[in-house]
Amino acid sequence: MKNILAPSILSADFKILGEQLKLTEEAGAEYIHFDVMDGMFVPSISFGMPVLASIKGATTQTLDVHLMVTEPIRYVEEFVKAGADIVTVHYEACEDLQATIDKIHAAGAKVGISIKPKTPVDVLLPYLDQAEMFLIMSVEPGFGGQAFIPESLERISELRNLLNEKGLTTDIEVDGGIYHKNVAEVLAAGANVMVSGSGVFKGDIKDNTAKFMEILNGNV
């Protein structure tokens, strides 16, 4: 498994988004995390397909699209057409998760499955061999800048153990409250894809990204 940084553009400055993406890419971030919120599954509303399509032309980074929306199966094809490389949906938001997984794969994207902080990890058992990534939310989804929930470390370890038992090396992504100060312990728990918004985009973007990459590459 490779350790990967996925800067979340929820914290970016959209006036100069293309420039900021380039800074993260130059400093080693391989993914861009794209949070889609519908005001129903989560309280906030963010952005959709047109913004994603514009990003696709501005970077060569993997576009990691996190659909925090009710019944995301309705939008899978449109997001893949707009440029999504990975489409992550919430276990809690899908009436038929299997059908949603199948639709994402049929559209040509990788599947991510996310669970909220209070959802038991073992709900993922039937899907362990069907997704390319699992996303553990380490805050309640819907708002940026929240503090990391410490119990998330146990949940990450539990999921990694379940995957190991099946001989799977599937990516585990973590989203919420990820900063330089705690990313090492999140890695140690078994995650390998780190989402960070304000930890990347607040301050010197290139320097922030480079510091994350030093930790992810084991150079500190």
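Counting starts from 1 at the beginning of each chain's written sequence and moves along it residue by residue. Local features are withheld for residues below a pLDDT of 70 in this predicted model, meaning they are given only at 70 or higher, and side-chain atom pairs are given and counted only at 80 or more; totals for whole chains, interfaces and linings count all residues. The side-chain figures draw on all heavy atoms in the structure; neither hydrogens nor water molecules are used.

### Some remarks on the overall build of the chain
Then, in step 1: Scanning the chain from N- to C-terminus turns up 8 helices and 8 strands.
Then, in step 2: Expressed as lengths along the three principal axes of its C-alpha atoms, the size of the chain is roughly 40 × 35 × 30 Å.
Then, in step 3: Exposed residues in this analysis have more than 50% of their type's maximum accessible area, buried residues have under 20%, and partly exposed residues fall in between, with area computed by a 1.4 Å probe over protein chains only. Burial analysis of the chain (220 residues in total) assigns 54% to the buried set.
Then, in step 4: Taking as baseline every contact in the chain between residues at least 6 positions apart, the subset at least 24 positions apart corresponds to 65%.
Then, in step 5: In this description, accessible areas are obtained by the Shrake-Rupley approach with a 1.4 Å probe, and a residue is regarded as covered only by the protein chains that are shown. When the accessible area of the chain is evaluated, it comes to approximately 9,300 Å², of which 51% is carbon and sulfur surface.
Then, in step 6: Only four residue types enter the tally: Lys and Arg on the positive side, Asp and Glu on the negative side, with His and both chain ends excluded. Where a charge lies is defined by one atom per residue type: Lys uses NZ, Arg uses CZ, Asp uses CG and Glu uses CD. Side-chain charges in the chain split into 17 positive and 31 negative, and the spacing between the mean points of these groups amounts to 4 Å. The helix and strand labels rest on DSSP assignments: H or I over at least four residues marks a helix, E over at least two residues marks a strand, and numbering proceeds from the N terminus. Here, two residues are considered to be in contact whenever any of their heavy atoms come within 4.5 Å of each other.

### Some points on the UniProt feature "active site" (unreviewed entry) in the chain
Then, in step 1: UniProt positions are given in the numbering used here, feature names are shortened, and annotations may be inferred rather than shown by experiment. This chain's UniProt record puts "active site" (unreviewed entry) on Asp35 and Asp175. The annotated residues occupy 141 residues of the chain but converge on a single region, no pair of C-alpha atoms lying more than 10.4 Å apart.
Then, in step 2: In this fold, Asp35 is placed in strand β2 (residues 31–37).
Then, in step 3: Among all residues touching Asp35, those that are not within four sequence positions of it are Ser8, Leu10, Ser46, Phe47, His66, Met68 and Asp175.

### Regarding the packing of helix α1 (residues 17–26) against helix α8 (residues 205–216)
When two helices pack together, their arrangement is given by the angle between the helix axes and the distance between those axes.
Then, in step 1: A fitted line through C-alpha atoms serves as each axis, taken over the contacting stretch for helices, and the angle formed by two N-to-C directions is quoted from 0 to 180°. Their axes nearest at 8 Å, the elements α1 and α8 cross at an angle of 30°. Regarding the angle of α1 to α8, the classification is roughly parallel. Seen from above, α1 lies across α8 with right-handed handedness. Contacts from Gln20, Leu23, Thr24 and Glu26 of α1 reach α8 at Ile205, Lys206 and Thr209.
Then, in step 2: By residue class, the composition of the contact of α1 with α8 is 2 nonpolar, 3 polar and 2 charged. Roughly parallel refers to an angle under 35 degrees, roughly antiparallel to one over 145, roughly perpendicular to one between 65 and 115, and oblique to any angle outside these ranges. Note on convention: near helix rotated counterclockwise from far helix by under a right angle means a left-handed crossing. Clockwise means right-handed. Basically, the charged four are Asp, Glu, Lys and Arg, the nonpolar ten are Ala, Val, Leu, Ile, Met, Phe, Trp, Tyr, Cys and Pro, and anything else, Gly included, counts as polar.

### Brief notes about the side chain of Asn192
Then, in step 1: Considering the arrangement of structural elements, one finds Asn192 in the loop between α6 (183–189) and β8 (193–196).
Then, in step 2: N or O atoms closer than or at 3.5 Å make up a polar contact, with two conditions inside protein: a donor-capable atom paired with an acceptor-capable one, and, for residues adjacent in sequence, both atoms drawn from side chains. From its side chain, Asn192 meets the backbone nitrogen of Ile172 in a polar contact 2.9 Å long.
Then, in step 3: Setting aside anything within four residues of it in sequence, one finds Asn192 in contact with Met1, Lys2, Asn3, Ile4, Arg160, Asp171, Ile172 and Leu187.

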